[in-house]
Amino acid sequence: MKIVVLVKQVPDSGAERNLRADDNSVDRASANNVINEMDEYAIEEALRLQEAHGGEVTVLTMGPDRATESIRKALSMGPDGAVHVLDDALPGTDYLGTSRVLAAAIGTLSPDLVICGAEATDARGQVMAHMLAERLGFAALTGARKLTVEGAQLTVERQTEEGYEVVTAATPAVVSVWDTINEPRYPSFKGIMAAKKKPVDTKSLADLGVSADQVGWGGSATTVLSHSKRPARSAGVKVTDSGEGGVALVDYLSSEKFV
Amino acid sequence: MTDFGLSEEHRELRDTVRRFAQDKVAPVIGELYEKHEFPYDLVRQMGAMGLFGLPFPATVPGADGDLEIGGMDGDYLALCLVLEELARVDSSLSITLEAAISLGAMPIYKYGTDEQKRRWLPRLLRGEALAGFGLTEPGAGSDAGGTRTTARLSEDGTEWIINGTKSFITNSGTTMTCLVTVTALTGPDEISSIIVPSGTPGFTVAPGYSKVGWCASDTHELTFVDCRVPVDNLLGKRGRGFAQFLHILDEGRIAIAALATGLAQGCVDESLKYATQREAFGHTIGSYQAIQFMIADMETRAHTARLAWRDAAQRLVAGEPFKRQAAIAKLHASTVAVDNARAGTQIHGGYGFMNEFPVSRMWRDSKILEIGEGTSEVQRMIIARDLGLA
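Starting from 1, residues in each chain are numbered consecutively following that chain's sequence as written. Key to labels: chains lettered from A, ligands numbered from 1, both in the order written. Reporting in this predicted model follows two pLDDT cut-offs: at least 70 for local features of residues, and 80 or more for side-chain atom pairs to be given and counted; totals over whole chains, interfaces and linings ignore these cut-offs and use all residues. Each side-chain value is derived from all of the structure's non-hydrogen atoms; neither hydrogens nor water enter the calculation.

1. With respect to the overall build of chain B
Threshold: Runs of H or I in DSSP of at least four residues are treated as helices and runs of E of at least two as strands, each being numbered from the N terminus. Only the C-alpha atoms count toward the radius of gyration. The rule for a globule is 2.2 Å times the residue count to the power 0.38. Only protein chains enter the area calculation, which uses a 1.4 Å probe; residues under 20% of their type maximum are buried, those over 50% are exposed, and those in between are partly exposed. Contacts were defined at the residue level, with two residues in contact if any of their heavy atoms lie within 4.5 Å. The Shrake-Rupley method, run with a 1.4 Å probe, gives the accessible areas here. Residue values count only the displayed protein chains as cover.
In terms of helices and strands, chain B carries ten helices and twelve strands. For chain B, whose C-alpha radius of gyration is 21 Å, the value lies close to the compact-globule estimate of 21 Å for 390 residues. Looking at chain B as a whole, 56% of its 390 residues are labelled buried. By sequence separation, contacts in chain B at least 24 residues apart represent 73% of the contacts at least 6 residues apart. Total accessible area on chain B stands at roughly 16,400 Å², and carbon and sulfur atoms take up 54% of it.

Structure below.
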């Protein structure tokens, strides 16, 4: 089975993150950039499938030069190689443009399965898997908390707010995963050493047959016009107990889906 | 940023283990420590990360071609970095790994026959099994010449018959323990090392000690009563048991220094966290110079301890003499660990005396560092002798 895993470098969600004042884009220069957390679960799932069914796992990243660090980190967990889409025209590309570029890159790899995190912690759009499936003509199995493969048949438990749905499809498919699906491994020292020597294929837009006017600030269908800081935390809900306090509490917890 | 000449891979390993310690060890270790439970699950995860095979090669030359022992092809510097990062959060796991490698696998790797290496090393290096080293006895610690345990050959010459008691033996009583190497008198003034597999009749493991610190690590007294093992279980040369062990101890000192540095740094981490949260007289206590100076001194001590063990480790890796530097690193880092634990506990006030605060665990774990693998006094003897004082 040939698997492509999407890996995105994002600002560390554990530290303070900002948008830039000039173009409203994510401020990557001042941040500690790491692998998007959910992508580690995608890598782990791909490696487990490879261990069970054989095949090849390729990491695919679109990002600036320094995304190389995240690619090496991803490779140290065990994938066989990586493709890095790197082009000066890419900054500013929105979801649609990104999906165009990634779909073109995936097309050159002809995988049976594309696995990605259900969302990235920087923009949290949760749309990339659907867009890619649409562009590639693959099945879209999104928000998985469990994935089983039997031959060319994929079965996914799709996590919802109330529980889960069982969804099946045949390969090729795009599967996006939540952090409930597995426990990602830590790289071993051997993996860290081996990652240095694994092939990373750098591709430009021209290599992928995507023209520069379809990406970047100019080629994007959406524009962020302004941004503001998150408002200060509000005071919350106070329940005064006049005999119905318990019910009110449970109603609140239920409305927030805690119970 | 230069970092004592660490390679990118060394830094990557250190950062990976730092993440493991924070995400996996920190949330559970307090409870295991309180219950004196060995952290099997964490040890297994460390095995999967290849930590138990770090300073060993993947293969070693044997008489009939290369033997696959399954090491990670790392070096001693890599191991020490890992020990420091683990001890920054918890010393029990760090000493478990240190002893498993330095005292468990290393003697077999260095002095074992092809058959001994083939039989034991792959499981030890994968972290699936643990080995202990029985040197210390109730009446013989720093002065290993006081060894009373004996091993005599059976009349037909096919077996060693071992009698004696060994004290404070790390990793000797877990369900993963597969063997203990014991030093024993095999003649007048002749000490040899012999491998005793777990479960050998006559070999008894006493219940775990009640220890002040390192409470999630495994330590037992061992007794041998007419315990018979095959004559081939001799490890290394007959009569060289003591010399072999001294060499192993030199390396182990650097490892303990790295562990002590981790504990010292962990005290800084915990104190910084606490000083920026706890308020007194209307301000966080970290805004008072008395606390600031204490933390500045703690950081200074941790930093110099790190410089000392890195220097010794880099000499070792480069194949240069390191005996004096290892003793200096061990002496200094263990002193620093005790000093930082005392200061960190003081900064925490009453909470520093509560077991649920990591800094109190570090305080309890610090004292043994001035005692184990050569007391501070022994380190001073080594340094003085190396300076030509006799």
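Don't stop here, the text continues.
2. Section: the overall build of chain A
The test is simple: His residues and chain termini do not enter the charge count, which takes Lys and Arg as positive and Asp and Glu as negative. By convention, charge coordinates are those of NZ in Lys, CZ in Arg, CG in Asp, or CD in Glu.
What chain A contains, in helices and strands, is eight helices and eleven strands. Relative to the compact-globule value of 18 Å for 259 residues, chain A shows a C-alpha radius of gyration of 20 Å, a close match. The dimensions of chain A, computed from C-alpha atoms along their principal axes, are 70 × 50 × 40 Å. For chain A, buried positions account for 42% of its 259 residues. Just so you have it, chain A exposes about 13,600 Å², and 50% of that area is on carbon and sulfur atoms. In chain A, 26 positive and 36 negative side-chain charges are present, and the distance between their average locations comes to 4 Å.

3. Quick word on the environment of B:Ile169
Residue and element names in this part refer to chain B. The residue Ile169 is located in strand E5 (residues 159-170) in this model. By relative accessible area, which is 2% here, Ile169 ends up buried. Along the chain, Ile169 and Arg380 lie 211 residues apart, while their C-alpha atoms are 24 Å from each other. Residues contacting Ile169, with those up to four places away along its chain left out, are Gly132, Phe133, Gly134, Leu135, Thr136, Val180, Asp218, Thr219, His220 and Leu222.

4. Observations concerning the nonpolar core
Under the convention used in this document: The definition of a nonpolar core used throughout is a set of buried Ala, Val, Leu, Ile, Met, Phe, Trp, Tyr and Cys residues joined through side-chain atoms within 4.5 Å.
Of all hydrophobic cores here, the largest spans 99 residues; its most connected members are B:Leu13, B:Leu51, B:Leu97, B:Leu124, B:Ile254 and B:Trp309. Top element by residues in this core is helix H6 (residues 241-275) of chain B. It accounts for 16 residues. Not counting residues within four places of it along the chain, the set of residues in contact with B:Leu51 comprises B:Leu13, B:Val17, B:Met46, B:Val82, B:Leu97 and B:Ile101. Membership of the second largest hydrophobic core comes to 31 residues, among which are A:Ala46, A:Leu75, A:Ile115 and A:Val177.

5. Description of the confidence of the model for chain B
The cut-off we apply is this: pLDDT is defined as a per-residue confidence score from the predictor, taking values between 0 and 100.
Summing up the model confidence of chain B, the mean pLDDT is 95 and the portion of residues at 70 or higher is 99%. Here the predicted complex scores 0.88 on pTM and 0.81 on ipTM.

6. Considering the pattern of salt bridges
Selection rule: One speaks of a salt bridge when a side-chain nitrogen belonging to Lys or Arg is within 4 Å of a carboxyl oxygen belonging to Asp or Glu.
A full pass over the atoms with the stated rule returns 37 salt bridges over all chains. Ionic pairing is found between A:Glu16 and A:Lys229, a salt bridge with its closest N-O pair at 3.5 Å. Here A:Glu16 is found in the loop between strand E2 (9-11) and strand E3 (33-35), whereas its partner A:Lys229 is found in the loop between helix H7 (216-219) and helix H8 (245-255), with 213 residues between them in sequence. Assessed through its relative accessible area of 62%, A:Glu16 is described here as exposed. One salt bridge in this structure joins A:Lys196 and B:Glu9, with 3.6 Å as the shortest N-O distance.

7. Some points on the domain arrangement of chain B
All names here are of chain B. What counts here: Start and end points for every domain follow an automatic or database-based domain assignment. As a working definition, buried area equals the accessible area (1.4 Å probe) given up by two parts on being put together, with both sides summed.
For chain B, the assigned domains read domain 1 (8-130), domain 2 (133-240) and domain 3 (242-386). If you look at the interface, domain 1 gives 26 residues, while domain 3 gives 30 residues. Taken over both partners, the interface formed by domain 1 and domain 3 buries close to 2,400 Å², and the fraction arising from carbon and sulfur atoms is 61%. The tally of links between domain 1 and domain 3 comes to five salt bridges. The partner of Glu34 in a salt bridge is Arg364, with the nearest N and O atoms 3.9 Å apart. Elements that contribute at least two residues to the side of domain 1 that touches domain 3 include exactly helix H1 (8-34), helix H3 (76-89) and helix H4 (91-111).

8. Focus on the interface of chain B and chain A
Rules: Each polar contact in these results corresponds to two N or O atoms within 3.5 Å; when the atoms are within protein, one needs to be able to donate a hydrogen and the other to accept it, and residues that are neighboring in sequence are counted only if both atoms are side-chain atoms. Charged residues are taken to be Asp, Glu, Lys and Arg, nonpolar residues to be Ala, Val, Leu, Ile, Met, Phe, Trp, Tyr, Cys and Pro, and polar residues to be all remaining types, Gly included.
Counting residues at the interface gives 17 residues for chain B and eleven residues for chain A. Taken together, the two surfaces of chain B and chain A that pack against each other cover about 1,400 Å², and 63% of this comes from carbon and sulfur. It is B:Glu9, B:Glu12 and B:Met72 in chain B that bury the most area against chain A; as a group they hold 39% of the surface buried on that side. For the interface between chain B and chain A, the tally reads three salt bridges. For the pair chain B and chain A, the number of links is two residue pairs in polar contact (both at pLDDT 80 or more). Each residue belonging to the side of chain B that touches chain A can be placed in one class, and the counts come to seven nonpolar, four polar and six charged.

9. Things to note about unusual backbone geometry
Peptide bonds are, in most cases, trans, and in most cases residues other than glycine have a negative phi. Residue A:Pro172 follows A:Thr171 across a cis peptide bond; omega there is 0°. Structurally, A:Pro172 can be placed in the loop between strand E9 (164-170) and strand E10 (173-177). The backbone of B:His36 shows a phi angle near 55°, a positive value even though the residue is not glycine. By the secondary structure assignment, B:His36 is in the loop between H1 and helix H2 (40-48). Take B:His36: its relative accessible area is 38%, and that puts it in the partly exposed class.

10. A look at the packing of H1(B) against H2(B)
Residue and element names in this part refer to chain B. The following threshold applies: Only C-alpha atoms enter the line fits that serve as axes; for helices the fit covers just the stretch in contact. Angles between N-to-C directions range over 0 to 180 degrees. Small angles under 35 degrees read as roughly parallel and large ones over 145 as roughly antiparallel, with 65 to 115 read as roughly perpendicular and the rest as oblique. Helix crossings get a hand from a simple test, with the near helix turned counterclockwise from the far one by less than a right angle marking a left-handed crossing and a clockwise turn marking a right-handed one.
Where H1 contacts H2, the two axes come as close as 10 Å, and the packing angle between them is 160°. One way to sum up the angle between H1 and H2 is to call them roughly antiparallel. Relative to H2, the crossing made by H1 is left-handed. Between H1 and H2, the contacting residues are Phe20, Lys24, Val25, Val28, Ile29 and Leu32 on the first element and Leu42, Gln45 and Met46 on the second. Of the residues assigned to the contact of H1 with H2, the class counts are seven nonpolar, one polar and one charged.

11. A word on the side chain of B:Thr181
For B:Thr181, the location among the structural elements is in strand E6 (residues 177-187). Contact partners of B:Thr181, with chain neighbours within four places excluded, come to B:Gly132, B:Phe133, B:Gly134, B:Ser193, B:Ile194, B:Ile195 and B:Leu235.

12. Brief notes about the side chain of B:Ser154
Among the secondary structure elements, B:Ser154 is positioned in the loop between strand E4 (150-153) and E5. In contact with B:Ser154, other than residues within four places in its own chain, are B:Glu159, B:Ile161 and B:Arg228.

13. Considerations on the sheet that holds E10(A)
All names here are of chain A. As a reminder, the rule being used: By definition, two strands form a pair when at least two bridges between them are found by DSSP.
Here nine strands make up an open sheet; going across it, the order is E9-E8-E7-E10-E6-E1-E4-E5-E11 and the pairing mixed. Each edge of the open sheet carries a strand with a single partner, namely E9 and strand E11 (200-203). Pairs of neighbouring strands in the sheet enclose a mean axial angle of 35°, with direction left out of account. As defined by bridge partners, strand E1 (residues 2-6) adjoins strand E4 (residues 56-62) across five bridges and the pair is classed as parallel. Bridge pairing in E4 places Ile3 opposite Val57. Sheet strands touched by helix H1 (residues 37-53): E1, E4, strand E6 (113-117), strand E7 (139-150) and E10. Its angle to E6, the strand with the most contacts, is close to 150°.

14. Concerning helix H3 (residues 95-109) of chain A
Residues and elements named next belong to chain A. Stated precisely, the cut-off is as follows: One fewer than the residue count of a helix, multiplied by 1.5 Å, yields its expected span.
Here H3 contains 15 residues, and its C-alpha end-to-end distance of 21 Å stays within 8% of the 21 Å for a straight helix at 1.5 Å per residue. Here H3 has its buried residues at Gly97, Thr98, Ser99, Val101, Leu102, Ala103, Ala105, Ile106 and Leu109. Lining the buried residues of H3 we find E1, E4, strand E5 (81-85), E6, helix H4 (128-136) and helix H6 (205-208). Ser110 lies just past H3 and shows a positive phi near 45°.

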